Amino acid sequence: MTARRQFMQTLAGGTVALAGGLPARLLAAATPADDPWRQAQAIIDRVSKPLVFRKEDFDITAFGAKACAVVPINAWVGSSERADIHTPAPDAVDCYQAITAAIAACNKAGGGRVLIPTGNWLCAGPIVLLSNVHVHLAKGAHVYFSANPLDYARHGAFDCGANGKLSLTRWEGNDCLNYSSLVYAHGQRNIALTGEDWTSILDGQAGVPFPGDADCWWSWKGRERKGEVHVPFTVGKVQERPNPRNRPLGEIAPHLSAEEGKKIQGDDPWFQSDSHYLRALSEARVPAQQRIFGVGHFLRPHMVQLISCTDVLLAGYQTTNTPFWQHNPVDCENLHVKGIYANSMGANNDGFDPESCRHVLIDGCQFNTGDDCIAIDSGKGTDTQFGPCENVVVQNCRMHSGHGALTLGSIMSGGIQNVYAQNLVFENANWKTDPLNIGIRLKTNMARGGFLRNFYVRNVKIPNGIRSTPAFYKPTPGSGIPDKTVAVGAGAVITFDCDYTSRDDTIRTRPPLVTNVHISGITVGNVRTSGGKFSCYQPIVVLGPVAVNYNGPGKPRMEPVSNVTISDCDFGTPVVKQPAYLYNVRDLVLRNVTIAGKVHNLRLSS
């Protein structure tokens, strides 16, 4: 595996590349067989083979773990809502060492099952999975991860002095040393994390105040007070504000010329905020082990992050109150995700984000999230060493709140291919108060680049529609796109956005490529809103690459979004009755598509 990664890093840094820094050999990948659903079934058959573990249990209580009492606390339960919940009592026993010891003993014995019994358990540190170990939460087992950032900077493999002992992680598609995720694995094989049912809970306590501090994990997003609704906020300690601990780019990347450094960091002080600084370190090709964050920085950890693991099962449990993304497997192969409930409404609480993974099955899961329900990713900027995310099946899932129900990107510099989605319900149960923004969504731009190809969707029910008010694209002067005409941020059932938040990135040299997308069998219901009975704002928005936002050398060809078919769909009654908004698109085919009772059979280009 190490040799493979080194080889991919060499390719990413030293070959002529197309479509977002990808080696040309990846762009030559063959189109799947004529029947794409046979290809999907082959993925299902491969990934759903049961993992095998030794028949021995390692009960954490045998290693000193003790269940705890819980006490009520009023805390954040989302980005704008507080509620009375429970947290471990002040005298709760920390079970971190016991859980760690049980996993180590299980691994040393050749594998088996680590059992977390029914009860409430405080874990003041990460659960780190090891090869051949199956960690199982019994019915009613509730693991409360401590609400103390320092507990995730004590046990990592990299001693970074005042920044803590950190772990090699990936944050929004870029590699760095940072706080460990709450559940973590790196380079492991044959691992499982399962629950008996959705009373088996991994609780990140992200809305519970830090010790001696009014802030919580969600405060680091940097939300402000809004009117009478007080959302988690902080002054100064925010991932989006300049952090004086971030060294000047010229010091950490002396190989850059002054001109290169200036272009990467731009003219705005937000360059030194943690989230933007990490992007800059990637663009400057600073090695991951020199991208040091952790203590004194504000990049929130994931709930579950598994990196470079093979043969993985995640099944049957619930995640809630997570600091950041709920699940982010990176560079994993043969990943089976079955029957989980991703239920967390904080900022950036994506449900499941497979990144540069191969052979993935997400089956029978439910999502109630503060961001995208599922987002398929493949690295950002120059961090494409793990290649594309490919051979992914999503089926039999149900989505409620979220920005996008099924999203590809925006972190897709490595490319995405061979994705199959079927038999989904975008329930949108919270449509009155917190509706789904978009049903099926692609996000990329000139910085992310990458490609999307061979994406197939069938049989999707959206009984309560999606958001019927738009969030408009902000066009760049000279693009020719009028203001307030393109509802890419919210309101369309299907949205392809090839210019997603483009002005957030200083390096925009990677035109994306989107082709061979086939969507069928979508049925959208109407709901009564203040303005009438509607299903959405607009059925379809396809915004192809916008040439004026390219800022690299020369004038590369901006390939239009191409070979897209949408068939046998009923989009209900949208606010805007026109079939689609198109920009830089070639051959969008609508076949037997009903909009507001009218059937459309069209071939469109723009």
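Here is a short report on the structure shown in this document. (Residues numbered from 1 in each chain as written. Predicted model: local features only at pLDDT ≥ 70, side-chain atom pairs only at ≥ 80, totals over all residues. Heavy atoms only, no water.)

Structural notes on the sheet that holds strand S38 (residues 580-583)
The strands making up a sheet are joined through hydrogen bonds of the backbone, oriented either antiparallel or parallel. The parallel open sheet is built from 6 strands, whose spatial order is S25-S28-S30-S32-S36-S38. The open sheet has two free edges, formed respectively by strand S25 (374-376) and S38, since each of these has just one partner strand. Strand after strand, the sheet turns through a mean of 5 degrees between neighbouring axes, direction not considered. Bridge analysis of strand S32 (residues 492-497) against strand S36 (residues 538-543) gives 5 bridges, and the strand direction is parallel. When the sheet's bridge partners are listed, Ile494 is paired in S36 with Ile540. (Pairing = 2+ DSSP bridges. Helix = DSSP H or I, 4+ residues; strand = E, 2+ residues; numbered from the N terminus. Axes fitted to C-alpha atoms, helices over the stretch in contact; angles between N-to-C directions.)

A short note on the nonpolar core
Judged by nonpolar contacts, the single largest core of 110 residues is most densely connected at Phe145, Ile362, Phe367, Phe426, Ile522, Ile566 and Phe571. Among the elements that make up this core, the one with the highest residue count is helix H4 (residues 96-108) (6 residues). Setting aside its immediate chain neighbours within four residues, Phe145 contacts Cys123, Gly125, Ile127, Tyr152, Leu182, Val183, Leu202, Asp203, Gly204, Gln205 and Met303. If you look at the next biggest cluster of nonpolar residues, it comprises 20 residues, including Ile252, Ala280, Val286 and Leu299. (Core = buried A, V, L, I, M, F, W, Y, C linked by side-chain atoms within 4.5 Å. Buried < 20%, exposed > 50% of the residue type's maximum accessible area, 1.4 Å probe, protein only. Contact = heavy atoms within 4.5 Å.)

Some words on the pairing of strand S30 (residues 438-443)
With 6 of 6 residues buried, S30 is to be regarded as a mostly interior element. Examined bridge by bridge, strand S28 (residues 404-409) and S30 share 5 bridges and lie parallel to one another. Counted as the bridge partner of Leu408 is Leu442 from S30.

Observations regarding the environment of Pro242
Following the sequence through the fold, Pro242 ends up in the loop between strand S16 (201-203) and helix H5 (249-252). Measuring from C-alpha to C-alpha, the distance between Pro242 and Ser275 comes to 9.5 Å, with 33 residues separating the pair along the chain. Contacts of Pro242, omitting those with residues within four sequence positions, involve Pro269, Trp270, Gln272 and Ser273.

Focus: unusual backbone geometry
Of note, the bond from Gly409 into Ser410 is cis; its omega dihedral lies within 30 degrees of zero at 10 degrees. Inspection of the secondary structure assignment puts Ser410 in the loop between S28 and strand S29 (416-426). For Asn454, which is not a glycine, the phi torsion comes out positive at approximately 60 degrees.

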